[in-house]
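These are the residues of each chain, in order.
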Amino acid sequence: MRILLWHVHGSWTTAFVQGPHTYLVPVTPRQGPGRPRPRRHLRLARLRRRDVPPEQLRDTDIDLVVLQRPPTSSTSPGAGWAAAPAPTSPPSTSNTTRPAGPSPTPATRPLDHRGLTIVHVTYFNQLFWDCAKHTHHRHRARHRRPRPPQWTGHRERAAVVVNEPLRRGRTTGTDLLARFARAAPLDVFGMRTHGIAHHLGLPEDRCHARELVQNELHRAMAACRMYLHPVRWTSLGLSLLEAMHLGMPVVALATTEVVEAVPPEAGVVSNRPDVLLDAVRGFIAEPGRAREAGRAARTAALARYGLPRFLDDWDRLIKEVTR
């Protein structure tokens with residue numbers, strides 16, 4: 001199949017293009033929201049990925065379109081092409097990586113009226129979005145072959161991964177980090193994390209921020225004793241799954257899909273701040289316990305969120321939609 005998709009979500013796209021199809025990715029010279037990210041994020045599957053200037057799309061044969069964001073404005077990925085009439089339109093699906101909101105129970109998926117098959121990445125999304133036609137494909141790891149566990153935990157710090165924590169605020173639990181920093185020093189990784197220590201009134205050594213490319217990020221995460229996931233509202237943070245694949249023990253809020261993803265032996269999941277703070281202190285103080293929880297986390301992640309299963313699920317849907 002020749003599949004058109006926009007590079008909206010870097011980790012998801014990196015996994016998706018490792019399938020057996022030809023993947024057409026619109027490329028523009030400028031980078032920014034909804035535009036191509038640096039090429040390093042799509043190193044994998046180069047032979048099956050083809051970058052296409054948007055102006056050539058009308059003359060390109062396409063078997064399937066995978067939408068990831070509603071084309072509601074001129075800045076949305078594919079807005080002009082997706083909204084334009086065409087003599088024959090290829091079948092389309094819409095991948096839902098965000099939870100319903102702002103109030104979840106009455107939220108109707110914006111593209112649902114187009115009769116698309118909505119693909120939810122979590123059971124939580126499937127439960128809360130109001131969609132007529134939908135299916136569920138679990139999130140996945142980036143790599144086709146699982147890498148050996150990378151966790152060493154030799155640094156007595158908690159890793160946190162969040163993009164734009166100052167802008168997203170309570171959604172990502174940014175306000176909770178000052179409290180957790182009293183239990184353990186934090187390494188906060190992600191885009192636009194600079195200045196977070198000052199914002200929270202913390203010294204740099206208690207809340208150190210870094211923005212790294214993915215491979216460097218995984219090495220830095222794995223050096224930390226544990227992974228902290230303070231996010232209040234997201235489908236399921238891929239950084240949480242990546243931490244589990246690395247073999248890291250987890251301390252996380254019991255929100256959205258986390259309770260489905262993290263088994264009890266893999267860490268501590270709770271909405272009680274005192275329980276979470278005690279868990280952070282415990283993993284920092286007991287490396288042996290952290291190691292055992294990390295092994296359980298990796299076992300669960302490989303069993304539930306492996307890339308081969310993810311690609312097989314998509315292949316079945318692609319055949320159904322394009323039949």
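**Q** I tried to follow the overall build of the protein chain on my own but got confused; where do I start?
**A** Counting secondary structure elements, the protein chain contains twelve helices and 13 strands. Every one of the 323 residues in the protein chain was classed for burial, and the buried ones make up 54%. Counting contacts in the protein chain only where the partners sit at least 6 residues apart, residues at least 24 apart contribute 67% of the total.

**Q** It is not clear to me how the sheet that holds strand S13 (residues 267-270) should be interpreted in this structure. Could you clarify?
**A** Either a parallel or an antiparallel arrangement is found when strands of a sheet pair, and the pairing is made through backbone hydrogen bonds. As summarised here, the arrangement of the six strands in space is S10-S9-S8-S11-S12-S13, forming an open sheet in which the pairing is parallel. With one partner strand each, in any of the chains shown, strand S10 (207-210) and S13 form the two edges of the open sheet. Sheet twist, expressed as the mean angle between neighbouring strand axes with direction ignored, is 20°. Judged from the four bridges that link them, strand S8 (residues 155-161) and strand S9 (residues 186-189) form a sheet pairing that is parallel. Across the sheet, residue Val160 finds its bridge partner in S9, namely Val188.

**Q** Please explain the nonpolar core as it appears in this structure.
**A** Note on soluble globular proteins: their nonpolar side chains tend to be buried together. Counting 59 residues, the largest nonpolar core has Met221, Leu228, Met244, Met248 and Val280 as its most contacted members. Setting aside chain neighbours within four positions, we find Val280 in contact with Phe180, Ala183, Ala184, Met226, Leu228 and Val251. Trp12, Val25, Leu307 and Trp314 belong to the second-largest nonpolar core, a separate cluster that totals 18 residues.

**Q** Sorry, what's going on with the packing of helix H10 (residues 273-285) against helix H11 (residues 287-304) here?
**A** In helix packing, the relevant descriptors are the interaxial angle and the interaxial distance, both defined with respect to the helix axes. Between H10 and H11, the shortest axis-to-axis distance is 5 Å and the interhelical angle comes to 105°. The angle between the axes of H10 and H11 places the two elements in the roughly perpendicular class. Of the residues in H11, those in contact with Gly282, Phe283 and Ala285 of H10 are Pro287, Arg289, Ala290 and Ala293. Of the residues in the contact of H10 with H11, the class split is five nonpolar, one polar and one charged.

**Q** Can you walk me through helix H7 (residues 214-223) in this structure?
**A** An α-helical segment advances 3.6 residues per turn. Residues three or four places apart therefore align on the same side. Counted residue by residue, H7 has seven buried out of ten residues, so it is predominantly covered. Taken together, the buried positions of H7 are occupied by Gln214, Leu217, His218, Ala220, Met221, Ala222 and Ala223.

**Q** Which parts of the structure should I look at to understand helix H12 (residues 307-322)?
**A** The first and last C-alpha atoms of H12 sit 22 Å apart over 16 residues, in line with the 22 Å expected at 1.5 Å per residue. Looking at H12, one finds that the buried residues are Leu307, Phe310, Leu311, Asp313, Trp314, Asp315, Leu317, Ile318 and Val321.

**Q** Which parts of the structure should I look at to understand the pattern of salt bridges?
**A** Once their charged atoms are close, side chains differing in charge can pair, the charge on each being opposite to the other. Taken as a whole and assessed by the stated rule, the structure comprises 13 salt bridges. Note that Asp187 is salt-bridged to Arg155, the shortest N-O span being 2.4 Å. Remark: Arg155 occurs in strand S8 and Asp187 occurs in strand S9; sequence separation between them is 32 residues. A relative accessible area of 0% means that Asp187 is categorised as buried. Arg155 gets classed as partly exposed once you look at its relative accessible area, which sits at 29%. One salt bridge connects Asp274 with Arg272, and the closest N-O pair in it is separated by 2.7 Å. The network of salt bridges with common partners includes Arg155, Arg157, Asp187 and Arg210.

**Q** What exactly am I supposed to notice about the environment of Ala158 here?
**A** Summarising the element assignment, Ala158 is placed in strand S8. When the C-alpha atoms of Ala158 and Pro249 are compared, they prove to be 10.0 Å apart, with 91 residues separating the residues in sequence. Sequence-distant contacts of Ala158, that is, excluding residues within four places in its chain, are made with Pro185, Leu186, Asp187, Met226 and Leu228.

**Q** Honestly, the packing of helix H8 (residues 238-246) against H11 in this entry has me stumped. Any pointers?
**A** Relative orientation of the contacting elements H8 and H11 amounts to 115°, with a least axis distance of 6 Å. By crossing handedness, the relation of H8 to H11 is classed as left-handed. Packed against H8, whose contacting residues are Leu241, Met244 and His245, the element H11 presents Gly294, Ala297, Arg298, Ala300, Ala301 and Leu302 at the interface. The residue makeup of the contact of H8 with H11, split by class, is six nonpolar, two polar and one charged.

Conventions adopted
Residues numbered from 1 in each chain as written. Predicted model: local features only at pLDDT ≥ 70, side-chain atom pairs only at ≥ 80, totals over all residues. Heavy atoms only, no water. Helix = DSSP H or I, 4+ residues; strand = E, 2+ residues; numbered from the N terminus. Buried < 20%, exposed > 50% of the residue type's maximum accessible area, 1.4 Å probe, protein only. Contact = heavy atoms within 4.5 Å. Pairing = 2+ DSSP bridges. Axes fitted to C-alpha atoms, helices over the stretch in contact; angles between N-to-C directions. Core = buried A, V, L, I, M, F, W, Y, C linked by side-chain atoms within 4.5 Å. Parallel < 35°, antiparallel > 145°, perpendicular 65-115°, else oblique. Nonpolar A, V, L, I, M, F, W, Y, C, P; charged D, E, K, R; others polar. Expected span 1.5 Å × (residues − 1). Salt bridge = Lys/Arg side-chain N within 4 Å of Asp/Glu carboxyl O. Left-handed = near helix turned anticlockwise from the far one by under 90°.

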